[in-house]
Amino acid sequence: MNRLRAVVEERQRDEDLDFIKACHEVLAELYPSLHLRWVRIYGKRWAYIYGNSGYLDQGSLRIQLSQDYGICIDNAELVAPLELDQLAAIIKEHFNAKVVV
Amino acid sequence: MESAAVQEWINHVIKPEQNEKYMDNGKTFIDETYINETLMAKKQPEKQEIREIITKSLDLQRLEPEDTAALLNCTDEDLWEEMYATGLKIKEKVYGRRIVTFAPLYISNYCVNNCVYCGFRKSNNHTFRQQLTMDELREEIKALVSKGHKRLIMVYGEHPLSDVDYIAETLRVAYSTKVGNGEIRRANVNAAPESIEDYRKLKEVGIGTFQVFQETYHPAVYKKLHPSGLKANYGWRLYSLHRAMEAGIDDVGIGALFGLYDWKFEVMGLLAHTIDLENKFGGVGPHTISFPRLEPAVNTPFVEKTSYKIDDDSFKKLVTVIRLSVPYTGMILTARENAKVRQNVIPVGITQIDAGSNIGIGGYAREALDYNRQQFILGDNRSLDEAVRDLSLMGRITSFCTADYRCGRTGSCFMGFAKEGKIHNLCMPNAILTFKEYLLDYAGEETKKAGEPLIEQELAALPNPTVKAKTLEYLKRIEAGERDLFF
């Protein structure tokens, strides 16, 4: 969890895709069996940008991270719901910080 | 002669530099000589060779042009029977026993082109011209949603009035119009080829698939049949989906209009198009392939005169060869074909059909057939409910599923799953769930009677116990009133 928080803090100025790849790397180390893919949201369309495209046995849990980005997890039951909420909240901080008021 | 304003619009739309980078040494991917020589070289394929190609298809490998040419030239009817059976096996291996169903929605028939076979051509003064206002569009969407449709292909003439900003606005309206439990969940588009900048605008509003059909891949025939307008530019159309992919629209649909030129050449053209997209976009080819057949249209004598008309038997064969050549891609059979042809061709590997279709502008809300507002004349006028019932009686479940593009299973991700034969793990449960919604909300009594046993049958056949249990749970929640549950 701390490693993910560190990524959020260290990579605030990164391009979105670089940030996403860095997060993916941390999550893959923390949960090697977790199959998740990152998406760009265009209205109803959640378009694939990075991550799992090899495993497909069950449906996806969709988590919206910001107006533009989300993640789809194909075996979300591997992580406790509370832990998943915490992970999503940390990643959301990055996107929230980018909102221009 | 084009009016100055229209010509200016055409000049503004076409950006040749956006095509040039995709050409190889200044040449397009359609090598006419190579296609003709390959067809000639495989004129008399051996039985063993055909069987080896069939095995390759069954392994979900995309065929090479030499393989496809051999299949196209097969004259042994027993081998054709084997190929028909293989088409079905491939389709069920990749997508399961479901048929995705959608409705065509014609939005505007103003057109700057003069395609000699088309009822909407500019010079056809028998056609009543209309472009839907946003209020009229809402009425069309409501009429479609009230019948149970969830997926659309929205069709536009090529004209400054239906430019990219207009198309984007109509997509917003389509997605935001709701009736009770119903809504459009995926809106695909068939429209003029756009520039990369304009494709980006369509991506932003959540487009499903963008379709552009080349009509004929033969350059000289193309030139003859498309004498003026935006469409007169063969190359701009040929690379339209390369530009769409570059803009980030990662689901694109190709097609040819069969009856304009030699059908074997056109199948080879579709394969060349697939290969070039795959080569230039990391293995991602077309999401769907369409193969409409030329149909009569009001005041369009060309259709009666063409010498390339295709009989039903050849049509079934060409569809089969496309299925075997690109085993993992969606294949669309439209209501241009009559019900009998559709019942005969669906089993060779079709994945999507339209149903309850009305292709007149404003036709759904008016509930009227009006040939003067149509691009051509439809062959299958069954209602959605009748088509769903007939499919049920054929043992095929109608799917209104739109889950893939809402779960990030698009572009290379979708193609990866499809090529490995994994996508059906979710296609079938999603088909069951959307079919259940349809039966509860829209189906007539006879259709319910035909459909309910199919749900039981397909539920029992789901191989993954976790998915089966979750599907059962979702079905109960749908019966209790929830909607839009998906994997």
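The model shown is predicted, which means the values in this text are computed figures rather than measured ones. (Residues numbered from 1 in each chain as written. Chains lettered and ligands numbered in written order. Predicted model: local features only at pLDDT ≥ 70, side-chain atom pairs only at ≥ 80, totals over all residues. Heavy atoms only, no water.)

Participant: How do you make sense of the overall build of chain A when you look at a structure like this?
Facilitator: The secondary structure content of chain A amounts to three helices and four strands. If you list the helices and strands of chain A from N to C, you get α-α-β-β-β-β-α. Scaling as 2.2 N^0.38, a compact globule of 101 residues should have a C-alpha radius of gyration of about 13 Å, and chain A matches this with 13 Å. When burial is assessed residue by residue, chain A has 48% of its 101 residues classed as buried. Across chain A, the fraction of contacts at a sequence separation of at least 24, relative to all contacts at a separation of at least 6, is 54%. Looking at chain A as shown, the accessible area adds up to about 5,300 Å², and 47% of this sits on carbon and sulfur atoms. (Helix = DSSP H or I, 4+ residues; strand = E, 2+ residues; numbered from the N terminus. Rg over C-alpha atoms; globule rule 2.2 N^0.38 Å. Buried < 20%, exposed > 50% of the residue type's maximum accessible area, 1.4 Å probe, protein only. Contact = heavy atoms within 4.5 Å. Areas by Shrake-Rupley, 256 points an atom, 1.4 Å probe, with all protein chains shown as cover.)

Participant: What is the right way to look at the pairing of strand S1 (residues 36-42) of chain A in this model?
Facilitator: Side chains on a regular strand alternate between the two faces of the sheet. Residues and elements named next belong to chain A. Of all seven residues making up S1, six are buried, and the element is well covered by its neighbours. Pairing geometry for S1 and strand S4 (residues 69-73), over five bridges, is antiparallel. By the bridge assignment for S4, Trp38 is matched with Ile71. Hairpin connection between S1 and strand S2 (residues 45-51): a loop of two residues separates the two successive antiparallel strands, and Gly43 in this loop has a positive phi of roughly 60 degrees. (Pairing = 2+ DSSP bridges.)

Participant: What is the right way to read the packing of helix H8 (residues 164-176) of chain B against helix H9 (residues 196-204) of chain B from this model?
Facilitator: To characterise two packed helices, one gives the angle between the axes of the helices and the distance between these axes. All names here are of chain B. Packing of H8 against H9 leaves a shortest axis separation of 9 Å and a crossing angle of 10 degrees. The pairing of H8 with H9 is recorded here as roughly parallel in orientation. Of H9, the residues touching H8 (which contributes Val164, Asp165, Ile167, Ala168 and Leu171) are Asp198, Lys201 and Leu202. Split into classes, the residues belonging to the contact of H8 with H9 amount to five nonpolar, no polar and three charged. (Axes fitted to C-alpha atoms, helices over the stretch in contact; angles between N-to-C directions. Parallel < 35°, antiparallel > 145°, perpendicular 65-115°, else oblique. Nonpolar A, V, L, I, M, F, W, Y, C, P; charged D, E, K, R; others polar.)

Participant: For this particular structure, what's the right way to read the interface of chain B and chain A?
Facilitator: How big an interface is tends to be stated in terms of accessible area lost as the parts join. Residue-level contacts link 32 residues of chain B with 19 residues of chain A. Buried surface at the junction of chain B and chain A, both sides included, amounts to about 2,100 Å², of which 53% is carbon and sulfur. Together, Arg406(B), Cys407(B) and Phe417(B) form the three largest contributors to the area buried by chain B at its contact with chain A, with a combined 21%. Counting the contacts that link chain B with chain A gives three salt bridges. We note a salt bridge from Glu183(B) to Lys44(A), for which the minimum N-O separation is 3.4 Å. On the surface where chain B and chain A come into contact, there are 12 residue pairs in polar contact (both at pLDDT 80 or more). (Buried area = accessible area lost by both parts, 1.4 Å probe. Salt bridge = Lys/Arg side-chain N within 4 Å of Asp/Glu carboxyl O. Polar contact = N/O pair within 3.5 Å; in protein donor to acceptor, adjacent residues only side chain to side chain.)

Participant: Quick question: what am I supposed to make of the nonpolar core here?
Facilitator: Nonpolar side chains tend to gather and get buried jointly when the protein is soluble and globular. Membership of the largest hydrophobic core comes to 160 residues, with the highest contact counts inside it found for Phe210(B), Tyr217(B), Phe291(B) and Leu318(B). Both of domain 1 (4-24 + 90-416) and domain 2 (423-479) of chain B provide at least three residues apiece to this core. With sequence-adjacent residues up to four places away left out, Phe210(B) is seen in contact with Val189(B), Ala191(B), Ala192(B), Glu194(B), Tyr199(B), Leu202(B), Leu241(B), Ile249(B), Asp251(B), Val252(B) and Gly253(B). Counting 26 residues, the second-largest nonpolar core is a separate cluster that includes Leu36(A), Ile73(A), Ala76(A) and Ile91(A). (Core = buried A, V, L, I, M, F, W, Y, C linked by side-chain atoms within 4.5 Å. Domains from an automatic or database assignment.)

Participant: I keep staring at the side chain of Gln18(B) and nothing clicks. Help me out?
Facilitator: Residue and element names in this part refer to chain B. Position of Gln18 relative to the elements: it lies in helix H2 (residues 17-20). In this structure the side chain of Gln18 is engaged in a polar contact, spanning 2.9 Å, whose partner is the backbone nitrogen of Ile196. Residues contacting Gln18, with those up to four places away along its chain left out, are Ser195, Ile196, Glu197, Trp236 and Arg243.

Participant: Where do I start with helix H1 (residues 2-10) of chain A in this structure?
Facilitator: Since one α-helical turn is 3.6 residues long, residues separated by three or four positions face the same way. All names here are of chain A. When H1 is considered as a whole, its buried residues turn out to be Leu4, Val7 and Val8. Projected down its long axis, H1 carries its buried residues within an arc of 100 degrees, all on one side. Away from its buried face by more than 90 degrees, H1 exposes Asn2, Glu9 and Glu10. In the core, the buried residues of H1 are packed alongside helix H2 (16-30) and helix H3 (81-98). (Arc of directions from axis to C-beta.)

Participant: Would you mind showing me how to read the state of the cysteines here?
Facilitator: Among covalent bonds in proteins, the disulfide is the one between the sulfur atoms of two cysteines. Applying the stated rule across the entire model yields zero disulfides over all chains. Of all cysteine sulfurs, the one in Cys72(A) lies closest to Cys23(A), which takes part in no disulfide; the gap is 16 Å. Using a relative accessible area of 0% as the deciding quantity, one classes Cys23(A) as buried. In this structure Cys401(B) is a free cysteine whose sulfur lies 6.4 Å from that of Cys427(B), the closest cysteine sulfur available. Taking relative accessible area as the criterion, Cys401(B) reaches 12% and is therefore assigned buried. (Disulfide = S-S within 2.5 Å.)

Participant: Teacher, can you tell me more about the packing of aromatic side chains here?
Facilitator: How two aromatic rings sit relative to each other is set out by the distance from centre to centre and by the angle between their planes. Residue and element names in this part refer to chain A. Applying the stated criterion across every chain, the model contains 15 aromatic pairs over all chains. With centroids separated by 5.1 Å and ring planes inclined at 25 degrees, the aromatic side chains of Tyr69 and Phe95 adopt a geometry described as stacked. Remark: Phe95 occurs in helix H3 and Tyr69 occurs in strand S4; sequence separation between them is 26 residues. Comparing Tyr69 with Phe95, the two get one shared label, buried. (Phe/Tyr/Trp six-rings, centres within 6.5 Å; stacked < 30°, edge-to-face > 60°.)

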